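Residue-level listing of the chains:
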Amino acid sequence: MNLSHELEVALRAVHKAASVCVSIRSSSACEAAISKQDRSPVTIADFGSQAVIIRELLQAFPEAAIVAEEDSGEMEPLRGTELGQQMVQAVQAVAPDASWERITTWVDRGNATGGAQGRFWTIDPIDGTKGFLRNEQYAVALALIDNGMPVLGVLACPNYPFGGFGVEDAQSCGVVFAAVQGMGARELPLGQLDWEQAVPIGVSKLTSAGQARLCESVESGHSAHGAAAAIAQHLGISEPSLRMDSQCKYGAVARGDASIYLRLPTSESYREKIWDHAAGWRVTREAGAEVTDVQGKSLDFSLGHTLAQNRGIVAAPASIHAAVIAAVQQELEG
């Protein structure tokens, strides 16, 4: 499967979307968020980012099916406001043909149903909106799913350092993690588009789970922190957890900044959304990790907008994944 053109388009799309996010984050509009019907926050950067990505996809693939998080109905309170105009201007900086009406149209093209047949893209325009609002970690996530399987994933992480946490002036650089099925995972500095110049990355080479470092969500509502601490104790892990928002956690595991990503269920009824995991799943898998739910089941992206048959997420190097799942099961069943 040759996805070189799709990768080129995806890299260009997330770079432009990240530029919109960075521009808004540095403006007076960065603190403004509205609540969606599910009470989660959304910002003008979410809408602008999604619009830019979909515009780029449609220019390259006019008939593309797209599953995206946001819809224009949530934008209506912004119509005719100064905040809405700031969004339009931020989008116009990378898409000069943008207008309120075109942004609305682009955003609403993300209404595909997904499923097991055919090919579609899935977008989280800002994964980790609370991290964005805090000026901490967030990601622009884009994945291509083919017959129920993510085959390409790209994560633009504007506040995450390229090359490692010791890189001088890294926070002003940002990183893009990218992977294509069978081609490995790589990282690029934010702003670079040449896959051939990207740096290969891989998971930590561990012989025991006790050598690992956990990575988990900042928000306790997204993962059970107490259970994670108990699992770390079961595994003999002494290093403090790395906590951050968004699919940057997948990048952290893929590059070896952390070794285990735990997203433990906090609700019996909640099911993960495909756009929250598809891009990170491919990147981390290509870097050498196993990524399953808390029962060790493969993630199933073929069931529409949610991972309906899965609960929670466990990502870890293949060498220790089974041990991590055993510890997770011991804690959750005990």
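See above for the structure.
First, a word on what this report is: a plain description of the structure on this page. None of the values given here were measured: they were computed from a predicted structure.

### Here we look at the layout of surface pockets
So, point 1. Its boundaries defined by the atoms lining it, the second largest pocket holds a volume of some 170 Å³.
So, point 2. Lining the second largest pocket we find 13 residues, and of these Ser4, Leu7, Glu8, Trp195 and Glu196 sit closest to its centre.
So, point 3. Of all the elements, helix 1 (residues 4-25) adds the most residues to the lining of the second largest pocket, at 4 residues.
So, point 4. Each residue belonging to the lining of the second largest pocket can be placed in one class, and the counts come to 8 nonpolar, 2 polar and 3 charged.

### Some words on the packing of aromatic side chains
So, point 1. If you walk through the whole model with that rule in mind, you get 5 aromatic pairs.
So, point 2. Between Phe132 and Tyr138, the ring centres sit 5.0 Å apart and the planes meet at 90°, which makes this aromatic pair edge-to-face.
So, point 3. According to the relative accessible area criterion, Phe132 is buried, its value standing at 0%.
So, point 4. Of note, Arg25 hangs over the ring of Phe132, and the distance from its end group to the ring centre comes to 5.9 Å.

### Topic: the environment of His321
So, point 1. With respect to the element layout, His321 can be found in helix 9 (residues 321-333).
So, point 2. On the basis of relative accessibility, which here comes to 8%, the residue His321 falls in the buried class.
So, point 3. Remark: the alpha-carbon pair of His321 and Thr292, spanning 29 residues in sequence, is separated by 9.1 Å.
So, point 4. Setting aside anything within four residues of it in sequence, one finds His321 in contact with Glu290, Thr292, Val314 and Ala316.
So, point 5. A polar atom in the side chain of His321 sits 3.2 Å from the side chain of Thr292.
So, point 6. A distance of 3.4 Å separates a polar side-chain atom of His321 from the backbone oxygen of Val314.

Calculation notes
- Sequence positions are assigned chain by chain, starting from 1 and proceeding in written order.
- Per-residue local features are limited, in this predicted model, to residues with pLDDT of at least 70; the limit for side-chain atom pairs, both in listing and counting, is 80 or more; totals at the level of whole chains, interfaces and linings are taken over all residues.
- Heavy atoms from the whole structure form the basis of all side-chain values; hydrogens and water molecules are not counted.
- Here a cavity denotes a set of grid points, spaced 1 Å apart and computed over the protein atoms alone, in which a 1.4 Å probe fits but from which it cannot get out, and a pocket denotes an open set meeting protein on both sides within 12 Å along at least five of seven lines; residues with an atom within 4 Å of a point are reported as lining.
- Grid points are joined across faces, edges and corners, and a volume is the space filled by probe spheres set on the points.
- Elements are defined by DSSP. Helices are runs of H or I of four residues or more, strands are runs of E of two residues or more, and each kind is numbered from the N terminus.
- Polar here means any residue other than Ala, Val, Leu, Ile, Met, Phe, Trp, Tyr, Cys and Pro, which are nonpolar, and Asp, Glu, Lys and Arg, which are charged; Gly is therefore polar.
- Pairing of aromatic side chains here covers Phe, Tyr and the six-membered ring of Trp, requires ring centres within 6.5 Å, and sorts the geometry by plane angle: under 30 degrees stacked, over 60 edge-to-face, intermediate tilted.
- Each residue is assigned to one of three classes by its accessible area relative to the maximum for its type, calculated with a 1.4 Å probe on protein chains only: buried under 20%, partly exposed between the two thresholds, exposed over 50%.
- Placement of a positive charge over a ring is assigned whenever Lys NZ or Arg CZ falls within 6 Å of the ring centre and within 35 degrees of the normal to the ring plane.
- Between two residues, a contact is recorded if the distance between any of their heavy atoms is within 4.5 Å.
- Residues adjacent in sequence count toward polar contacts only when both atoms are side-chain atoms; beyond that, a polar contact is any pair of N or O atoms within 3.5 Å, and within protein one must be able to donate a hydrogen and the other to accept it.

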